[in-house]
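Each chain, written out:
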Amino acid sequence: MPSPSSAYAVGVADGEADLQACFGVRREVFVVEQRVPEELEYDEYDSGHGTVHVLARRADGEPLGTGRLLTGAAAVAKNGGDAGVGALGRLAVAKAARGLGVGVALVRAIEAAAAERGLVAVDLHAQTQALGFYERLGYVAYGPEFPDAGIPHRAMRKTLAQQEA
């Protein structure tokens, strides 16, 4: 169920058209703007079992942002082996949509998807320049800085609030 905003809605990507919209935003942000090689941007997790893509669209249908949640074996490969922890990644907001709260809405949608799947925490690998954004959302950095696609990153984690039964 998409969560409405005054200018856009965010929800789980549904179908091939939504998935291609997610890939288009990622291409614009990572491949074009940040010059990440295309062969590094798209991976086996993009269409794998346990992958949830979220998409923000303007009211007219224009894609504004995307992110992905890995669960199960895909998440374990990214988070150091804990099946109860999801892996948030590939968070991208189109240049024209920055400053509208799209990134926050995408992270919240990913966290909700993680909680719905019974996960207790979400890990991510944040570009170092984005640490403050994730810290404001409750993520805590751990471990040393490391390069990913030539860009400095830090691992971060947020424990999700547990729902009462």
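Let me sum up the structure you'll find in this document. (Residues numbered from 1 in each chain as written. Predicted model: local features only at pLDDT ≥ 70, side-chain atom pairs only at ≥ 80, totals over all residues. Heavy atoms only, no water.)

Here the focus is the nonpolar core. Ranked by internal contacts, the top residues of the largest apolar core, which has 30 residues, are Leu88, Val102, Leu106, Tyr134 and Tyr139. For this core, the elements supplying multiple residues, two or more each, are strand E2 (8–12), strand E3 (51–58), strand E4 (63–70), strand E5 (85–93), helix H4 (102–116), strand E6 (121–127) and helix H5 (131–136). Residue contributions to this core peak at eight residues, all from H4. Other than its neighbours up to four places away in sequence, valine 102 contacts Tyr8, Ala56, Leu64, Gly65, Val93 and Ala97. (Core = buried A, V, L, I, M, F, W, Y, C linked by side-chain atoms within 4.5 Å. Buried < 20%, exposed > 50% of the residue type's maximum accessible area, 1.4 Å probe, protein only. Helix = DSSP H or I, 4+ residues; strand = E, 2+ residues; numbered from the N terminus. Contact = heavy atoms within 4.5 Å.)

The next subject is the environment of glycine 84. By secondary structure assignment, the location of glycine 84 is in the loop between helix H3 (72–79) and E5. For the pair glycine 84 and glycine 132, spaced 48 residues apart in the sequence, the C-alpha separation amounts to 25 Å.

Glancing now at unusual backbone geometry. Even without being glycine, arginine 90 reaches a positive phi, approximately 55 degrees. Tracing the backbone shows arginine 90 in strand E5. Despite not being glycine, alanine 149 shows a phi value in the positive range, around 55 degrees. Take alanine 149: it is sitting in the loop between strand E7 (140–148) and strand E8 (151–159).

For the coordinates displayed, the defined rule picks out 14 salt bridges. In this structure, the salt-bridge partner of arginine 90 is glutamate 41, at a minimum N-O distance of 3.3 Å. Of this pair, arginine 90 sits in strand E5 while glutamate 41 sits in helix H2 (residues 38–41); the two residues are 49 residues apart in sequence, bridging distant segments of the chain. The two residues arginine 90 and glutamate 41 agree in class, both being buried. For glutamate 116, the salt bridge identified is with arginine 117, shortest N-O distance 3.8 Å. One salt-bridge network, held together by shared partners, links Arg26, Glu41, Asp43, Asp46, Arg68 and Arg90. (Salt bridge = Lys/Arg side-chain N within 4 Å of Asp/Glu carboxyl O.)

Another aspect to go through is the pairing of E7. Note: E7 against E8, six bridges, orientation antiparallel. Across the sheet, residue valine 140 finds its bridge partner in E8, namely arginine 157. (Pairing = 2+ DSSP bridges.)

Next up on the list: the packing of aromatic side chains. A full pass over the atoms with the stated rule returns three aromatic pairs. On the basis of an interplanar angle of 75 degrees and a centroid distance of 5.5 Å, the ring pair of phenylalanine 23 and tyrosine 42 is categorised as edge-to-face. With phenylalanine 23 in helix H1 (residues 16–33) and tyrosine 42 in the loop between H2 and E3, the pair connects residues that are 19 residues apart, well separated along the chain. You can call tyrosine 42 partly exposed: its relative accessible area is 23%. (Phe/Tyr/Trp six-rings, centres within 6.5 Å; stacked < 30°, edge-to-face > 60°.)

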